[in-house]
Amino acid sequence: MKILYKSKFLILGMIALSLQSCFVAKEYKRPENVVPQENLYRTDELPQDSLNMAEVSWREMFTDPVLDSYIEKGLQNNLDVRIAIQQILAAEAYVKQGKAGYLPTLGMGASVNHQILSKNSQFGSFFDGSITQYEATGNLSWEADIWGKIRSNKRAFEASYLQSVAAHQAIKTRLIANIATSYYQLLALDEQKRITETTIETRKKGLETTQALKEAGNVTEVGVKQTEAQVYTAKAILIDINNEIRLLENSLSILLGEAPQNIQRGVLNEQEISTDLEVGIPMQLLKNRPDLIAAEYNLVNAFELTNVARSNFYPSLSLTANGGFQSLDIDKLFSVNSLFATLIGSLTQPILNGRRIRTQFEVAQSQREQAALNFEKSLLIAGKEVSDALYNYKASTDKIEAKSMEFQAYSDATVYSEELLKNGYANYLEVLTARENALSSQLDLVNARFNQLKSVVDLYRALGGGWR
């Protein structure tokens, strides 16, 4: 009998292996439509070669030690980063579960079954109306991975884990960029605040001069009031700038994982990013940008789950063993005569199941296609972000030059018009216009400097820099 059982299981195993050679789970291959093309970046300014600023550490990218300390603090304390770490730990647990899929399952139990029988029944008269049976059992089951279902499940869990790791890296990249941008914006606001405060003091002195000119008969009361109004205009601008500074400090504090507080910082004019703006080739995005890496692992996960859903159409081979001790007398429960065992080998083929397997497979196919489209979309967005950052850098650099010349012209016009006014050769409206234009131009120049720094940070993030 033992030889017969062994022969049957051997035959089942041989059948399973022969079927496996015909129906094996498919291997993942990256879709051709998501391979980056050379024209993914839209730029005529920078050469495209293998050099890539994304491979530079953020510690080398940013030279301000105060900013570096904030980035370090943010990476340690930011709540989004810490949440992502917990997601990695959860995904890691599923990976361990996937690796254990090849192992058999083992369960143990103990029970006491007391049954009151009819005294007029066959067993009731024999057992004096009741029976108590004690059991200590164990069961062992194992499913053969004929169609690669267990392997595909394992790969799906691994892809999900790697996706969570990449998502964590993407959060770090985005966090570094947000901290740097907020820091530079604070420096720009500080510079605008300094300019506005200087303007207020200058206009107060100008008001005194205008009052003197009125007493001398060179201007009217209208000129005095217009000069006074300019002082209040500058004060209103200062109020807005101070409010923006407070709100931005609050936002930066949250990025650092702290309660809103005052942020210590440097000076805008001392900021310098010496890293060359090298964008490399588009193919490097797939290994540098964590969000693209995560998108592809999401596709791998969906692909492997489609393999799992496909395998459900085919028969499953399983071995089940049950055994233990049974006795009517607890003192004899663990004796040799109380032993029992059952061994079952089964090959099960689903036929009618309310279309559940077909539905699961079609849903898995749809989800795989969605993942592929999201991967392709992420790649196109990445190319757009690189192109946008390059154009923004070029535009802000050109604008700094134009605004510098504009401010110099308005500054000269202000000086000349005030001198002419004092000598009675200019209309006071010209003086007011020159002053307003000079202030607006100077504030715009600061914004252009900030936008230049921001575009470099955006390019660094768009290329996938920061997480290393």
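See above for the structure.
A few points on the structure. Note that the structure is a prediction, hence the values are computed from the model and not measured.

Now for the packing of aromatic side chains. Per the stated rule, a full pass over the model turns up eight aromatic pairs. For the ring pair tyrosine 28 and phenylalanine 303, a centre distance of 5.7 Å and an interplane angle of 75° mean the geometry is edge-to-face. Highlighted residues: tyrosine 28 in the loop between helix H1 (2-22) and helix H2 (58-61) and phenylalanine 303 in helix H9 (residues 290-311), separated in sequence by 275 residues. Judged by its relative accessible area of 22%, tyrosine 28 falls in the partly exposed class. Ring centres of phenylalanine 313 and phenylalanine 361 lie 5.5 Å apart, and the angle between their planes is 80°; this geometry places the pair in the edge-to-face category. Taken together, the positions of phenylalanine 313 in the loop between H9 and strand S3 (316-327) and phenylalanine 361 in helix H10 (residues 356-422) put the pair 48 residues apart, joining distant regions of the chain. The exposure class of phenylalanine 361 is buried, given its relative accessible area of 9%. An aromatic cluster is built from Tyr70, Tyr183 and Tyr184, whose rings are joined through pairwise contacts.

The next point concerns the nonpolar core. Core analysis: the largest hydrophobic core is formed by 63 residues, its most contacted members being Phe62, Ile179, Tyr184, Leu459 and Leu463. Setting aside residues no more than four positions away along its own chain, isoleucine 179 makes contact with Leu67, Tyr70, Ile71, Gly74, Leu252, Leu255 and Leu256.

Another aspect to go through is the layout of surface pockets. To find leftover empty space, a probe the size of one water molecule is rolled over the atoms. Of the voids in this model, the second largest pocket is the one considered here, and its volume is about 230 Å³. What lines the second largest pocket is simply Leu268, Asn269, Gln271, Glu272, Ile273, Thr275, Leu277, Tyr393, Arg449, Gln452, Leu453 and Val456. Considering each element in turn, the lining of the second largest pocket owes the most residues, four residues, to helix H11 (residues 428-462). Looking at the lining of the second largest pocket, its residues break down into six nonpolar, four polar and two charged.

Next up on the list: the packing of helix H3 (residues 65-77) against helix H6 (residues 149-215). Where H3 meets H6, the axes come as close as 10 Å, and the angle between the chain directions of the two elements is 145°. The two elements H3 and H6 meet at a crossing, and its hand is right-handed. Judged by residue contacts, Val66, Leu67, Tyr70, Ile71, Gly74 and Leu75 of H3 engage Lys172, Leu175, Ile176, Ile179, Ala180, Tyr183 and Tyr184 from H6. Classifying every residue of the contact of H3 with H6 by side-chain character gives eleven nonpolar, one polar and one charged.

On to the sheet that holds strand S1 (residues 105-116). Neighbouring strands of a sheet are bound in pairs by backbone hydrogen bonds; such pairs are parallel or else antiparallel. Spatial ordering of the open sheet is given by S1-S2-S3-S4, a layout of four strands whose pairing is antiparallel. This sheet does not close on itself; its edge strands, each paired only once, are S1 and strand S4 (339-348). Adjacent strand axes in the sheet meet at a mean angle of 20°, parallel and antiparallel pairs treated alike.

So, about the environment of glutamine 326. Note on placement: glutamine 326 falls in strand S3. Separated by twelve residues in sequence, glutamine 326 and serine 338 have C-alpha atoms that sit 5.1 Å apart. Ignoring anything within four residues of it in the chain, the contact list for glutamine 326 reads Gln133, Tyr134, Glu135, Leu333, Ser338 and Phe340. Side chain to side chain, glutamine 326 and glutamate 135 meet in a polar contact 3.0 Å long.

Let's shift gears to the pairing of S3. Where strand S2 (residues 130-143) meets S3, ten bridges bridge the pair, whose relative direction is antiparallel. By the bridge assignment for S3, serine 141 is matched with threonine 320. Pairing of S3 with S4 involves ten bridges; the strand directions are antiparallel. In the sheet register, glycine 323 faces S4, and the bridge partner there is alanine 341.

So, about empty space enclosed by the protein. If you walk through the whole model with that rule in mind, you get one cavity of 30 Å³ or more. By volume, the largest cavity is sized at about 50 Å³. For the lining of the largest cavity, the secondary structure elements donating two or more residues are H6 and S3. Within the lining of the largest cavity, the residues separate by chemical class into six nonpolar, two polar and three charged.

Thresholds applied
Residues numbered from 1 in each chain as written. Predicted model: local features only at pLDDT ≥ 70, side-chain atom pairs only at ≥ 80, totals over all residues. Heavy atoms only, no water. Phe/Tyr/Trp six-rings, centres within 6.5 Å; stacked < 30°, edge-to-face > 60°. Helix = DSSP H or I, 4+ residues; strand = E, 2+ residues; numbered from the N terminus. Buried < 20%, exposed > 50% of the residue type's maximum accessible area, 1.4 Å probe, protein only. Core = buried A, V, L, I, M, F, W, Y, C linked by side-chain atoms within 4.5 Å. Contact = heavy atoms within 4.5 Å. 1 Å grid on protein atoms, 1.4 Å probe; cavity = no way out; pocket = protein on both sides within 12 Å on 5 of 7 lines; lining within 4 Å. Points joined across faces, edges and corners; volume = space filled by probe spheres on them. Nonpolar A, V, L, I, M, F, W, Y, C, P; charged D, E, K, R; others polar. Axes fitted to C-alpha atoms, helices over the stretch in contact; angles between N-to-C directions. Left-handed = near helix turned anticlockwise from the far one by under 90°. Pairing = 2+ DSSP bridges. Polar contact = N/O pair within 3.5 Å; in protein donor to acceptor, adjacent residues only side chain to side chain.

Distances and angles like these do not, on their own, reveal function.
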